[in-house]
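Chain by chain, the residues run as shown.
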Amino acid sequence: MTLRTYIIARVLLTIPMIFILLTTVFLVMRVLPGDPVQLHFEKMASPAVVAAMKAQLGLDKPLWVQYFNYLAGLFRGDLGKSMQDYSPVASQIFSAFPATLELAICSMTIAILVGLFLGVESSKAYNKPKDHVIRVFGIVSYTIPVFFLGMILQLIFGVWLHWLPVGGRFDPTIESPSGLTIGSFHFSTGLYTIDSLLGGDVYKFVVTLKYLLLPSLTLGLVLCGVFIRLTRTNMFETLRLDFVTAAKARGLKETTVTYGYALRNAFLPVLTMMGLQFALLLGGAVLTETTFSWPGLGRYLIDRINFRDYTAIQGVVVVFGIFVSIVSLAVDLLYAYLDPRIRL
Amino acid sequence: MLSSIFPGLRSLAKRGLAGWLVIFGAVLTGAIVVMTLVSPWISPHDPSALNVGHPLLAPSSQFPFGTDDVGRDMLSRVISGGGTMLQVAVLSVFVCMLVGVPLGLFSSYTGGLVDRFASLIMDSVYAFPGLVLAIAITLVLGRGVINMSLSIAVVYIPSYFRVIRSQVLSIKELPYVEAANAAGAKKGTVLSRYVLPNVLPSIVVVATVNFADAILTAAGLTFIGMGVLVNVPDWGWDLTNGRRLLPSGSWWVIAFPGLMIILLALGFTLMGEGLSELLNPRLGEEGGK
Amino acid sequence: MSTELPLVTVDALTVEYWTRRGKLRAVDDVSFSLGKAETLGVVGESGSGKSTLGLSLIGLVPFPGRVTKGRVVLEGTEVLKMRKDDLRNLRGTKICYVFQDPMTSLNPVKKIGAHFVELIRTHQPKVTKKEALERAKKLLSDVGIQPERINDYPHQLSGGMRQRIMIALAIALSPRMVIADEPTTALDVIVQAKILDLLNTLRDAYGMALILITHDLSIVMERSNRTIVMYAGQMVEYAPSKEIYSNSQHPYSKGLLKSIPNIELADQKLEAIPGSPPDLLNLPIGCHFFPRCSYAFERCKKEVPPLFKSGSEHFVRCFLYDEERKA
């Protein structure tokens, strides 16, 4: 089939997928042993209190009405109200989102950079000791629980060396980066790295990096194993291609040949793998944010779980699900564009 | 029995690096399993006993792994702490295979709408972050060994499904399968006698990876507080506990349990790597001298 | 034949590939010498080791191959003993390589001009980009391509043009020796002749040595001074090209000659050599050519023949030419 047909089909496919996801989450939340509100109070509240909360949250209506309201609300961007204080879940998620985004981008960047570099070195020293060491590193890094690695790094760099902060996203004693303000025009992304630069505050930029370093390093190292392996295999094949040998025969420098010639071709699969790793990234983010008290969606989720705030949990899971669907759609489309064989 | 193991080992070793990986991984895993099984007899102290020593003692000759904040001996806790995790891992892999393998076989062999539909669901589950899914299911089911195993199992069923499916799809069209069908064999027979044996090696490889992942996911769930509630020594629990103690620099409370988790998962991973290499040797790779 | 000291001497060169299934000798005890403005033809079937031989001269034998014996001496320097960096500098400047397939030998994402700039500036960093491009234009016209083409990408040019560009890149820095591996195989017949002529013209103009590696005996006979015939990694005959034509001695060479179509013969029977090339991992004990040789006798089955001298400059690896036997 043609690219166009595939794109349309794939996009259309996403709609029922998201729909199934939303419905599943809805049903699961109401199929809990007991109902969400009672579980929230751990069955210790009086019926009056339970009824009051149900009314506030619209959980006293018949199931199909709730379902309809749920879907309608999603279209409007309304994810329900928190059981803690009835504030809108959507805005809570919205404010926690940039922190996770920043962590995700930095971690993925580190994972790719480390993965590419080590993968290249590994392929060049094929089957020699250096190669084995790097491969073992890749396997071990994947096997380390991300929170364990995080704690070890916290221990070394935070507690023993006092070089880096142990947790949090920014120095609590100073104002967080606020972005660009010209007169009454204000623009901020929520990403402290960018916002501090927009505001021209280099000191805050440095502070941001200090807090960002350990969490993203932790998550990045755990993710890089896959990229090491992928790059190594691809580079090994690419380095055998004719134009690489021809380049070597012209006496071009090693680095030119490796990075300018071979890597360009090996890079593409890395790009698509990035998308596939996204799910792992989210899972890892939950654990990393908990370890480093990073105020993102992951920590928000755990928070809400501890508080037994089921409406908020439902909201987060929905957001996660939609996120993943969109990313996997993007990855599939990108892959189809780049590799015509997949569309068949 | 031992005499039949040795020739097996020797043939594995002959296969080069991959064989050694399998041996090493198996030994590592086996050692940990054995240690856990005999822990009641070999741990120097009762792992749950409080104040066996002063709290937060650094490793010493008396307490090689130190003590935690309520004076429990870390060495004993490390020796005995694998039980829950192993139970969860074994149970979840078992359930996973029980559900995933037949599902994969049946769906991909049948083909058509059934296959499309099943694949769709499996792909959606597969794409979803495993940990979050496990968290959600544990929320629904509640805590406990069985529930945790079930939630982890659900996360990994798609892995089996996909691997089996790709294998079956390539075997399905082969002449000897067609011949069996033409001779009127029942679908079940074809699947179990012809298809399954060929798919078996891949299942084994996926299973080892599954084990490793199950252990890591179980550790993760415990870390965020969704672990098993019973007061047994557990490495994951020690990590959560140790987190509070981090600012005091008591590294031994997390280092040793964490190391054990890594070793256990590593054992399975190495076995998986080795097996995968043995069963699907990579083309064009030379055994470097 | 020039009476000067040879430009390059190769001595007992042996290249082995160490694979999972065993060791194989792709190049076995090859020796020759080449002077300025001379062409050496290396002829053989695929698998005869001729390409490996070419690559080994510049130290680019691909993994898992390695040179296990022998020397390559260029103007007094032992090439294979050089430090990595020095060897790298040698490539592209003193010894240049022209590859078989111009489609895959040029970097598809780089413009033609960029190839030259990169090459020139790697070895002569002081040259500016502008100067490099000027030189590129001149080189292109030397090989018969319009200078404007430096702004094109490889895929925009025909096979013949790409090969010319490979040659231009090879002579860009006035090398002492050029190795051309099947330079015309991927091209059609008319273009073949032009490319070969070009190579010889450049050879004379620059006074360099040229090694022509090919499976096509007819090419080397006309255009090379001396020829090596290779079989299963070994040099089975090494002689002036004219002599290979008029007085080929090794049974294999004779067989090759017989399989060249000659338009002048009215009634030519093309004879193919029976059998197929040996599996290098499972070589027979004696002469490698024994199974296919119609002149073979007992000794051939058991011993590997050394190189015998059968003329003032003619060498054959065949017991037929063993002095002791020729009684």
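Computed from a prediction, not measured in an experiment: that's the story for all the values here.

(A) Structural view of the overall build of chain A. A count of helical and extended segments in chain A gives 14 helices and two strands. Its C-alpha atoms put chain A at 85 × 60 × 45 Å along the principal axes. For chain A, the proportion of its 344 residues judged to be buried stands at 42%. Summarising the internal contacts of chain A: among those between residues at least 6 apart in sequence, 69% fall at separations of at least 24.

(B) Quick peek at the overall build of chain B. Per the secondary structure count, chain B includes twelve helices and zero strands. What you see in chain B, going N to C, is helices and strands ordered as α-α-α-α-α-α-α-α-α-α-α-α. The proportion of buried residues among the 289 residues of chain B is 45%. Here the analysis covers contacts within chain B between residues at least 6 apart in sequence; of these, 69% occur between residues at least 24 apart.

(C) Expanded view of the confidence of the model for chain A. Mean pLDDT over chain A works out to 82, with 95% of the residues at or above the 70 mark. Here helix H2 (residues 36–40) of chain A stands out as the element of chain A with the lowest mean pLDDT, 73, in contrast to helix H7 (residues 146–160) of chain A, whose mean of 90 is the highest.

(D) The arrangement of the pairing of strand E9 (residues 226–231) of chain C in detail. Residue and element names in this part refer to chain C. In terms of burial, E9 is a largely internal element, six of the six residues being buried. Sheet analysis places strand E3 (residues 39–43) next to E9, joined by four bridges and oriented parallel. Opposite Gly41, over in E9, you have Thr227 as the bridge partner. Examined bridge by bridge, E9 and strand E10 (residues 234–240) share six bridges and lie antiparallel to one another. Opposite Val229, over in E10, you have Glu237 as the bridge partner.

(E) A look at the interface of chain B and chain A. Taken together, the contact between chain B and chain A spans 32 residues of the former and 34 residues of the latter. Of all elements in the fold, only helix H6 (112–127), helix H7 (130–141), helix H10 (187–223), helix H11 (235–245) and helix H12 (252–279) of chain B reach the threshold of two or more residues within the side of chain B that touches chain A. For the side of chain B that touches chain A, the leading source of residues is H12(B), giving eight residues. Its residues placed into classes, the side of chain B that touches chain A shows 22 nonpolar, eight polar and two charged.

(F) Looking closely at the packing of H7(A) against helix H12 (residues 278–292) of chain A. All names here are of chain A. Look at H7 against H12: their axes get within 9 Å of each other, and the N-to-C directions meet at 30°. Between H7 and H12, the angle falls in the class roughly parallel. In terms of crossing hand, the pair formed by H7 and H12 is right-handed. Seen from H7, the contacting residues are Val146, Phe147, Gly150 and Met151; seen from H12, they are Gly284, Leu287, Thr288, Thr290, Thr291 and Phe292. Residues belonging to the contact of H7 with H12 are distributed by class as follows: five nonpolar, five polar and no charged.

(G) Focus on unusual backbone geometry. Residue and element names in this part refer to chain A. Phi is positive for His162, close to 55°, though the residue is something other than glycine. Tracing the backbone through its elements, the reader meets His162 in the loop between H7 and strand E1 (180–182). Owing to 9 C-beta atoms within 10 Å, His162 belongs among the exposed residues under this scheme.

(H) Local environment of the environment of A:Leu63. Assignment of secondary structure puts A:Leu63 in helix H4 (residues 63–76). Residues A:Leu63 and A:Val324 lie 261 residues apart in sequence; the distance between their C-alpha atoms is 27 Å.

(I) Spotlight on the environment of A:Leu223. Residues and elements named next belong to chain A. Note on placement: Leu223 falls in helix H9 (residues 202–238). A residue is classified by how many C-beta atoms lie within 10 Å of it, and Leu223, with 24 of them, is buried. Residues Leu223 and Leu280, 57 residues apart in the sequence, show an inter-C-alpha distance of 7.9 Å. Leaving out residues up to four positions away in the same chain, Leu223 has contacts with Ser107, Ala111, Gln277, Leu280, Leu281 and Gly284.

(J) Representation of the confidence of the model for chain B in the model. All names here are of chain B. Here chain B averages 82 in pLDDT, and 90% of its residues register 70 or above. A low-confidence stretch, residues 283–289 stays under pLDDT 50, and its non-local contacts, those more than four residues away or across chains, total eight contacts. Interface confidence for the predicted complex, expressed as ipTM, amounts to 0.84; the pTM equals 0.76.

(K) Structural detail: the pairing of E3(C). Residue and element names in this part refer to chain C. Of all five residues making up E3, five are buried, and the element is well covered by its neighbours. Side chains Thr39, Gly41 and Val43 project from E3 onto one buried face, and the interleaved Leu40 and Val42 project onto a second face that is buried too. Pairing of E3 with strand E8 (residues 209–214) involves five bridges; the strand directions are parallel. If you follow Thr39 over to E8, its bridge partner there is Leu210.

(L) A look at the packing of helix H6 (residues 159–171) of chain C against helix H7 (residues 189–206) of chain C. All names here are of chain C. Taken N-terminus to C-terminus, the directions of H6 and H7 make an angle of 15°; their axes are 11 Å apart at the nearest point. In terms of orientation, H6 lies roughly parallel with respect to H7. Where H6 crosses over H7, the handedness of that crossing is right-handed. Here Gly160, Gln163, Ile167 and Ile171 of H6 come into contact with H7, specifically with Val191, Ile195, Leu198, Leu199, Leu202 and Tyr206. A per-class count over the contact of H6 with H7 returns eight nonpolar, two polar and no charged.

(M) Focus on H4(A). Taking 1.5 Å of rise per residue, 14 residues should cover 20 Å, and H4(A) covers 20 Å from first to last C-alpha, within 8% of that figure. Of the residues one or two after H4(A), A:Gly77 is the one with positive phi, at around 90°.

Calculation rules
- Residues numbered from 1 in each chain as written.
- Chains lettered and ligands numbered in written order.
- Predicted model: local features only at pLDDT ≥ 70, side-chain atom pairs only at ≥ 80, totals over all residues.
- Helix = DSSP H or I, 4+ residues; strand = E, 2+ residues; numbered from the N terminus.
- Buried ≥ 20, exposed ≤ 12 C-beta atoms within 10 Å, placed from the backbone.
- Contact = placed C-beta atoms within 7 Å.
- pLDDT = per-residue confidence, 0-100.
- Pairing = 2+ DSSP bridges.
- Nonpolar A, V, L, I, M, F, W, Y, C, P; charged D, E, K, R; others polar.
- Axes fitted to C-alpha atoms, helices over the stretch in contact; angles between N-to-C directions.
- Parallel < 35°, antiparallel > 145°, perpendicular 65-115°, else oblique.
- Left-handed = near helix turned anticlockwise from the far one by under 90°.
- Expected span 1.5 Å × (residues − 1).

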